Structure formats: C-alpha cells, structure tokens
Amino acid sequence: MIAIYKREIRALFQSIIGWLFCSVVLFFISLYFAAGNLLYGSPYIANALQSAGLICLISIPILTMRILSEERKQKTDQLILTAPVSVWEIVVGKYLALLSILLVPVAIVCTYPLILGRFGAVGYAEAYTAILGFTLYAATGIAIGVFISSITESQVIAAVLTFLILFLTYIMSGLCGIISSGGNLLTTILSQFDLYKRFTAFMAGTLDIKALIYFVSVIFLFLFLTCQSIQKRRF
C-alpha cells in the first residue's frame, strides 16, 4: 500500500493535476477569506469555507478522474492487479494519495484562524470544527470520484459523472423541497444522499457526531464499492 501511495503522490505532483487542485481550492478559500474576514471583519471562517464548498464540485472530479480510469484504458492496471497486494490496499493507497493532496490547502487554511486572532477575538473551536467539516466533505467527494473512476475507461466520463453526482448531493435539499414540502417516504430516502446538509452542520461551529459518522461511513462505502469494481476485473 505504501508503494502505491508513493507512486500516486509522485504522479500527481509531477503532473499539473495535483498543483492545479491545490491552487484552485486555496485560491477560492483565500479569496472568500480576504473578502469576508479581512476586509469586512467577520470572525467566522466558516463563511469562507461554505462559500468555497461549491468549488469542490468542480475541482474534485478533475483530481479523481484519472486515478483508475487511465490505468484501465492503458491496461497498466493489470500490473497492479497481479501484484502481491490486496485490492483494498491498492484502493486505500490511491485514496490516501488523493487525500494528501487535499490536506495541502487544508493545512494552509488552518493558519487563517491564527491570522484572524491577531485582529480580534476568534472562536478557534468553531473555526477548526468548520475546517474539519470542509475536509470531511471534500474527502467524501474524493471517495465518490475514485469509485466513478473505477467503472469507466474515459477520464472525461469519470469527471462528468462525478460532477453530476456531487451536484445532485449539493442540491438534494432543494429537490426534496420541490418533491414534497411536508416530507414523505421518497424525500426521506433522498435526504440520506444530502452531503451538503451534513457539511453545513459543521459550518455552525458544532461538532456534529452524526454527520461525522455519516461522512466516514460514506467514504468507506464507496471505497468498498471501488474494491468490488476492481475485484470483478481481477478475476
């Protein structure tokens, strides 16, 4: 797994994809931070993170589109599948490499509450809870992207499908409201796919344990589905 992880990290940073993802995410978070927190004096960094949440819908598909689909297209996945490692180790190694790319801008954003603290009182617990929520939200999107990349040979199709799925989870609350304002069985089922609702729970500055468990469960679910997708080709 460590060899897979190192290989993917090297590939991501040797190409433009890793740098592009870090730059885009950090740019928009910093833009909202400068406009809302530094210029207007808001002590809540959650506003910047929530505004930048939409950027994940675009940047994550670009980051994950090639992780498995490219190897499947070029048939180089056979070398990995015949290696003496489990499918789970392959998937987790690749996922952790993508997660490491995400943590680069997140680590920089972690300094923003400290910067705000130099100008006034800042709720550090609320700020870092919001950062945790953003990280979980993006990490879940990456897990979904990895799964989509495993079921197609086309990077373009992988990116488009990942974007569509993430966009649907983003507007799920609105869709449920259109279907039934009072709620019914269908909206109850659809609400289970509402990632953005759990994301905004962290933006309130509260460590929502249910939302935390939800994100971790979804991540493991899609990594498991990715393993099953690869397992079918291995045998």
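How each quantity is defined
- Residues numbered from 1 in each chain as written.
- Predicted model: local features only at pLDDT ≥ 70, side-chain atom pairs only at ≥ 80, totals over all residues.
- Heavy atoms only, no water.
- Helix = DSSP H or I, 4+ residues; strand = E, 2+ residues; numbered from the N terminus.
- Buried < 20%, exposed > 50% of the residue type's maximum accessible area, 1.4 Å probe, protein only.
- Polar contact = N/O pair within 3.5 Å; in protein donor to acceptor, adjacent residues only side chain to side chain.
- Salt bridge = Lys/Arg side-chain N within 4 Å of Asp/Glu carboxyl O.
- Patch = residues over 30% accessible without salt bridge, like charges linked within 9 Å, V, L, I, M, F, W, Y side chains within 5 Å.
- Areas by Shrake-Rupley, 256 points an atom, 1.4 Å probe, with all protein chains shown as cover.

Asks: Would you take a moment to explain the environment of Val106 for this structure?
Replies: Inspection of the secondary structure puts Val106 in helix α6 (residues 87-109). Take Val106: its relative accessible area is 8%, and that puts it in the buried class. In sequence terms Val106 and Tyr214 are 108 residues apart; their C-alpha atoms lie 21 Å from each other.

Asks: Looking at this structure, how should I read helix α12 (residues 195-203)?
Replies: Side chains three or four residues apart in an α-helix point the same way, a direct result of the helix having 3.6 residues per turn. The buried fraction of α12 is high, at seven of nine residues. Within α12 the residues assigned to the buried category are Leu195, Tyr196, Arg198, Phe199, Ala201, Phe202 and Met203. Where α12 begins, the capping side chain belongs to Asp194, and its oxygen is found 3.3 Å from the backbone nitrogen of Tyr196. Looking one or two places after α12, you find Gly205, whose phi comes out positive at around 85°.

Asks: Whenever I open this one, the pattern of salt bridges confuses me. Can you help?
Replies: Once their charged atoms are close, side chains differing in charge can pair, the charge on each being opposite to the other. Under the counting rule described, the total for this entry stands at three salt bridges. Glu8 is paired through a salt bridge with Arg7; the nearest N and O atoms lie 2.9 Å apart. Here Glu8 falls in the buried class, since its relative accessible area comes to 1%. Several salt bridges share partner residues, and in doing so they unite Arg7, Glu8, Arg66 and Lys94 into one network.

Asks: I'm lost on a nonpolar patch on the surface in this one. Help?
Replies: A grouping of Ile16, Leu20, Ile58, Ile62, Val156, Ile157, Val160, Leu161, Phe163, Leu164 and Phe167 is seen on the molecular surface, where their side chains present a nonpolar patch of about 920 Å² in accessible area. Counting residues per element, the ones that place at least two in the nonpolar patch are α2 (16-39), α3 (46-64) and α9 (155-170). Looking at the nonpolar patch element by element, the count peaks at seven residues for α9. With respect to the helices and strands, the residue Ile58 is situated in helix α3.

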